[in-house]
Amino acid sequence: MNPRLARVLLVSFALAVVVDLVSLGAGFDLGHRIAKPLLMPLLAAHAGIRGGPRLLVAALLCGWGGDVLLLSDADPAFLVGMASFAAGHVCYLVLFRRTARARGAWLAGGYAVALVATVVLLWPDLPAGLRVPVAGYSLLLTAMAYGATRLGLVAGLGGALFMVSDTLIATGVAEWPQLPSPDFWIMLTYAAAQYLLVRGVLGTLGARPAPAAAYGEMRSTTP
């Protein structure tokens, strides 16, 4: 691991987030189109340099694919972009199941209620061709967000913010009333979500001693 390079990549990610958010707030579309595609590659490179698992890097790169595709307003690009994000959620789900313990049933019930309520409320206002894909995507997203709670508060908050970000997108597709500068809030919650998921995964893995190190410690304390 190269700590200095990892810090440079993380700072570059933070700067790209700031440029993207300022561009969105100022209505500077070109700045958004330049900065947005840089976010996930920088964060993925940071995670990789830090020794993050391949599934984490894959999830972030799937997010990058979705980011690029959603820059287009075409319906096919939206569907393919949603599929790319869904693939990223699958990567996260597999990773979470490998690295952490299950949480309480009450928490799973809360996420299930949120899923059903969101789909039921949005369903009538979604375009007919997007209803089933959005419902299926929402199921994967909610499962990922619940799975993130296995890693603790930081990753759990990241999963919850991912749900907030994508729900804001869905309400826009359903043509519900929006917050001022909706894309600003979508990108703010999305960038924060991905960063917190990365931090949660790396923090969980970093808290565990490597098997070789643990074995070496055992040998050093054995008479």
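Here is a short report on the structure shown in this document. (Residues numbered from 1 in each chain as written. Predicted model: local features only at pLDDT ≥ 70, side-chain atom pairs only at ≥ 80, totals over all residues. Heavy atoms only, no water.)

### Re empty space enclosed by the protein
No. 1: Applying the stated criterion across every chain yields a total of one cavity of 30 Å³ or more.
No. 2: As a volume, the largest cavity reaches approximately 260 Å³.
No. 3: If you go around the largest cavity, you meet 20 residues; those closest to its centre are Y137, S138, D166, T167 and A170.
No. 4: Those elements giving two or more residues to the lining of the largest cavity turn out to be helix 4 (75–99), helix 5 (105–122), helix 6 (128–148) and helix 7 (153–173).
No. 5: Ranked by residues supplied to the lining of the largest cavity, first place goes to helix 7 with six residues.
No. 6: Its residues assigned to classes, the lining of the largest cavity shows 15 nonpolar, four polar and one charged. (1 Å grid on protein atoms, 1.4 Å probe; cavity = no way out; pocket = protein on both sides within 12 Å on 5 of 7 lines; lining within 4 Å. Points joined across faces, edges and corners; volume = space filled by probe spheres on them. Helix = DSSP H or I, 4+ residues; strand = E, 2+ residues; numbered from the N terminus. Nonpolar A, V, L, I, M, F, W, Y, C, P; charged D, E, K, R; others polar.)

### Details of the pattern of salt bridges
No. 1: One pass over the full model with this rule turns up one salt bridge.
No. 2: The salt bridge involving D29 is made with R33; its shortest N-O contact spans 2.8 Å. One end of the pair, D29, and the other, R33, are both in helix 2 (residues 29–49), four residues apart, so they sit about a helical turn from each other.
No. 3: Assessed through its relative accessible area of 43%, D29 is described here as partly exposed. (Salt bridge = Lys/Arg side-chain N within 4 Å of Asp/Glu carboxyl O. Buried < 20%, exposed > 50% of the residue type's maximum accessible area, 1.4 Å probe, protein only.)

### Some words on unusual backbone geometry
No. 1: For E175, which is not a glycine, the phi torsion comes out positive at approximately 60°.
No. 2: Following the sequence through the fold, E175 ends up in the loop between helix 7 and helix 8 (182–206).
No. 3: Among the residues examined, E175 registers a relative accessible area of 71% and is labelled exposed.
No. 4: Here the phi dihedral of S181 falls at roughly 50°; this positive angle occurs in a residue that is not glycine.
No. 5: Here S181 shows up in the loop between helix 7 and helix 8.
No. 6: Of the residues examined, S181 reaches a relative accessible area of 38% and is grouped as partly exposed.

### What about the layout of surface pockets?
No. 1: Looking at the largest pocket, its volume works out to about 710 Å³.
No. 2: Along the walls of the largest pocket sit 31 residues, with L70, D73, I169, D183 and I186 positioned nearest its centre.
No. 3: For the lining of the largest pocket, the residue count by class is 16 nonpolar, seven polar and eight charged.

### Quick notes on the nonpolar core
No. 1: One finds L56, L60 and F162 to be the most contacted residues of the largest nonpolar core, which totals 51 residues.
No. 2: When contributions to this core are tallied by element, the ones reaching two or more residues are helix 1 (3–26), helix 2, helix 3 (54–69), helix 4, helix 5, helix 6, helix 7 and helix 8.
No. 3: Sort the elements by how many residues they give to this core and helix 4 lands first, with nine residues.
No. 4: Those residues in contact with L60 that lie beyond four places of it in its chain are M40, L43, A44, A47, Y92, Q194 and V198. (Core = buried A, V, L, I, M, F, W, Y, C linked by side-chain atoms within 4.5 Å. Contact = heavy atoms within 4.5 Å.)

### With respect to the environment of W176
No. 1: Relative to the helices and strands, W176 resides in the loop between helix 7 and helix 8.
No. 2: W176 gets classed as partly exposed once you look at its relative accessible area, which sits at 31%.
No. 3: Separated by 54 residues in sequence, W176 and L122 have C-alpha atoms that sit 9.0 Å apart.
No. 4: Discounting residues that sit within four places of it in the chain, W176 has contacts with L121, L122, D125 and T171.
No. 5: Within the structure, the side chain of W176 is placed 2.8 Å from the side chain of D125, a separation counted as a polar contact. (Polar contact = N/O pair within 3.5 Å; in protein donor to acceptor, adjacent residues only side chain to side chain.)

### Remarks on the packing of aromatic side chains
No. 1: The tally for this structure, following the rule as stated, stands at six aromatic pairs.
No. 2: Considering the side-chain rings of F85 and F162, the 6.4 Å spacing of their centres and the 85° angle between planes classify their relative orientation as edge-to-face. Pair noted here: F85 is in helix 4 and F162 is in helix 7, with a separation of 77 residues, a long-range link.
No. 3: The exposure class assigned to F85 is buried, which follows from its relative accessible area of 8%. (Phe/Tyr/Trp six-rings, centres within 6.5 Å; stacked < 30°, edge-to-face > 60°.)

Coordinates in, geometry out; function isn't part of it.
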